[in-house]
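Architecture and fold: a report
The chain contents come next:
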Amino acid sequence: MIKKNLIAILVLFSTGIFAQEINVIPKPLEVITNEGEFKITDNTKLLINITNKEEKEFAEMAHEILKNATGIDTEVASPELNNFKDNILVQINNPKSSELGNEGYTLNIKNDRVFLNANTTAGLFYGVQTLWQLLTGSGNNTLPCTEITDYPRFAWRGLHLDVSRHFMPAEFIYKYIDYIAMHKMNVFHWHLVDDQGWRIEIKKYPKLTEVGALRTDREHLDWQSRKETIKESETKKYGGFYTQEEIKSIVEYAHKKHVTILPEIEMPAHVMSALAAYPEYSCTGEFQPVPPGGVWPITHIFCAGNEATFEFLENILTEVMELFPSTYIHIGGDEATKTEWKKCEKCQKRMKDEGLEDEHKLQAWFIKRIEKFLNNNGRQLIGWDEILEGGLNPSATIMSWRGSKPGVEAAQQGHDVVMSPVSHCYFDYYQGNPSLEPKAFGGSITLKKVYHYEPVPEVLTESEAKHILGAQANIWTEYIPNGEHVEYMIMPRMSALSEVLWSPKESKDWGGFSQRMDAQYRRFEKMGVNYAKSAFQVSAQPELDPETKTVKVSLSTEAWKPEIRYTTDSSTPGANSTKYVSPFTIDKTITVKALVVKEGEAMSKPLATDFLIHKAIACSVSQKNESSKYYPTPEYALVDGIRGLVNHGDGNWKAFNGNDMVATIDFGEVKSFSNVKVGFLQKAGAWIFYPTGITVEVSTDGNKFKTLGKAKNKVNAMEPGNLLQDLKVKKKSKARYIRVTATNLGTCPKGHAGEGKPAWMFVDEIIVE
Ligand code: ACM
Ligand code: ZN
């Protein structure tokens, strides 16, 4: 007890005196900083006792990593009883430390020696990653005297990559594995199969790659607008695949870097590429080409009633298992529309024979059959969370992507779970303001949002929580055409995720992390990585005072101690523009343009935000109908002077699902005005429609209202695209209260994919002038 307290005091004392935090991401579990440093020189040796292949590979890797950091070609030698001084001693613990587990390490850096210990070569490898970071942080081949004890919070620390929508050549996959390893992450989920391309050579079925890996090249078009029938004149093809030889070398490389490759072979849907090659395994047997872009919904599916389908899939999986030693094999299972199964005689017969009451049960039967095959071959099945529907063997593991809820259900049912929710882990979503970013899938997942992700939902009991193996980020590549762009989407968000997954929950500290990111950005630069600087974008937010009805503008970023410069006169800001110190008051409609300057250089393009000052700003608004909790907005969103953009999840839109908006503004006193405008969005593809119209009523007492005017929407509900419209009632009036009713279209119109289902209505602002 006393000893423990003493250590605690020493930790406080030492971190207090040598206040600087060591610069490592993910943050190590326990660090004691001491005085002094160890310098790596031409004479420094890497001492390691090599007794097997793993240790030999580790020694080569460690030598290379230290050389990369220091430029010094450190000699690798055997440890002797008296040669530790001035050298780096690397040892496997014997006996093993019970604390460190399979991936932990201890690193003890003294003035005249460095000791790195672990139970495994994986642990040693992570210790060397820490050394590399300390060296790249110092820049002068010195290591600060520290004692580090470190091991991960979660066993599954993954990153996925879709190589179907866009093919990433083998050379890039090696780099991708490097990025995973440098973040002390350990799973590479390789999404090898999807509708738009089959990317793995299967010897028994050569057409999978001869036909399935190639599609009509429509790279010049947006992903969603590639749907039209392919013309004969379109002869150019896009594609690529990995040969089995390439895959073997990649798997071997990953193994050396302690990264397990999880191969994903999609089934029963997302398989148009496979069915283009072998249409006989579909329900209809008809040939359909590999689609060059977005198709939705995906109705093409393997026929579950045909025995030959299973022979085909088992033969493919057999070759996959020969290539990939991973215990888990991912079989997809997501987003299978079962309309073809409903129409197929063979599938219907299967359901009858097996006593399956609906098509969900047929999918469950399909997955269980594949699971049995994998289990008989000593492997475990993992799939997207849809595989829970219709029942699943407890031995199967699920990947929770449609939020965390499926993961909670699965863990409560006793399944192991890997968390990968769209809310925090979809790195194909925007990481900054869409106006400054390359086109992305949608959404908004910033660096800070990733950092604040907690993989274990609070509702789980301690024993249920043990089923959460960890988490991973997914990178779907519809809008990511090449490796450089992949780097942009993962860096730096994977740095944040690595800390979520490695470091203890209790040590979460955004300030410390964003400070340490400064060194991480320098490492990315040294590596030549195309990392995103989105964290330096300046966001301008209104701070409303309901008492004085005034607006202050506050500027913020996700970068450490940024130097923010801004303008309010529409000019482009630069290093000499006004320096932002604290929120400033505005009293007229203006555009704020702001950016971060570092050493005289702009860190991103300026972000422009329009602030609209009108008579209802910061007034209280009461609503009769609740807006949807799925689109949360700030309290004064309808009267905050900030307009919504076409990205309907930007936090400025109040969303109504099938119901009307009835909002009453209270000025607090009688005011005169002449124009009431209400802003709406239409995005028919996302089931968002203009209202049929608005009614504006006024009152002086808040009880008796009289109609001031009405405005009707004239745009067709099926009009496609991202449309914005203000509906207006222009009439001079005086009142304390204004009640605005926006009438929802009700249901999606006839002929729309959501026909008869509740229509969404999105409102951003009620402007009173
Ligand atoms: C998925 O995003 N369809 C797993
Ligand atoms: Zn069928």
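Structure's up top.
Residues numbered from 1 in each chain as written. Chains lettered and ligands numbered in written order. Predicted model: local features only at pLDDT ≥ 70, side-chain atom pairs only at ≥ 80, totals over all residues. Heavy atoms only, no water.

Inspection of the secondary structure puts T146 in strand 7 (residues 142-150). In this structure T146 comes out as buried when scored by relative accessible area, which is 0%. Sequence-wise, T146 and T741 are 595 residues apart; in three dimensions their C-alpha atoms are separated by 65 Å. Excluding residues that lie within four positions of it along the chain, T146 makes contacts with I22, V31, I32, T33, N34, L107, N108 and I109. (Helix = DSSP H or I, 4+ residues; strand = E, 2+ residues; numbered from the N terminus. Buried < 20%, exposed > 50% of the residue type's maximum accessible area, 1.4 Å probe, protein only. Contact = heavy atoms within 4.5 Å.)

Right, let's talk about the coordination of the zinc ion (ligand 2) for a bit. Surrounding the zinc ion (ligand 2) are the protein donor atoms C283 (SG), C303 (SG), C344 (SG) and C347 (SG), at 2.3 Å. Taken together, the four donor atoms surrounding the zinc ion (ligand 2) define angles of 105 to 115° at the centre, an arrangement classified as tetrahedral. If you list the donors of the zinc ion (ligand 2) from N- to C-terminus, the spacing comes out as C-x19-C-x40-C-x2-C. In this pair, C283 is assigned in the loop between helix 7 (272-277) and helix 8 (307-323) and C344 in the loop between helix 9 (339-343) and helix 10 (345-354), connecting sequence segments 61 residues apart. Classification of C344 as buried rests on a relative accessible area of 6%. (Donors = N, O, S within 2.8 Å, 3.2 Å for Na, K, Ca; no water. Tetrahedral: all angles 85-135°; square planar, octahedral: opposite > 155°, others 65-115°.)

The subject of this paragraph is the pattern of salt bridges. By the definition in use, this model includes 31 salt bridges. Between K56 and E60 there is a salt bridge; the shortest N-O distance is 3.2 Å. Taken together, the residues K56 and E60, both in helix 2 (residues 53-70) and four residues apart, mark about one turn of the helix. For E60, a relative accessible area of 42% puts it in the partly exposed group. When the shortest N-O distance is used, the salt bridge between D217 and K236 registers 3.2 Å. Placement of the pair is D217 in the loop between strand 12 (214-216) and strand 13 (237-239) and K236 in the loop between strand 12 and strand 13, with a sequence separation of 19 residues. Here the residues in one salt-bridge network are D162, R165, D194 and E478, joined through shared partners. (Salt bridge = Lys/Arg side-chain N within 4 Å of Asp/Glu carboxyl O.)

A few words now on the packing of aromatic side chains. Ring pairs (aromatic) are described by centroid distance and by the angle formed between their planes. In the structure shown here, the tally under the stated rule is 40 aromatic pairs. Taken together, the aromatic side chains of F167, F172, Y176, F188, W190, Y242 and F324 make up a single cluster linked through ring pairs. One cation-aromatic arrangement involves K184 over W502; the distance from NZ or CZ to the ring centre is 5.8 Å. (Phe/Tyr/Trp six-rings, centres within 6.5 Å; stacked < 30°, edge-to-face > 60°. Lys NZ or Arg CZ within 6 Å of the ring centre and 35° of its normal.)

With respect to the element layout, T121 can be found in helix 3 (residues 121-138). For T121, the side chain forms a polar contact with the side chain of E54, separated by 2.9 Å. Excluding anything up to four places from it in sequence, T121 contacts E54, E55, F58, I92 and H258. (Polar contact = N/O pair within 3.5 Å; in protein donor to acceptor, adjacent residues only side chain to side chain.)

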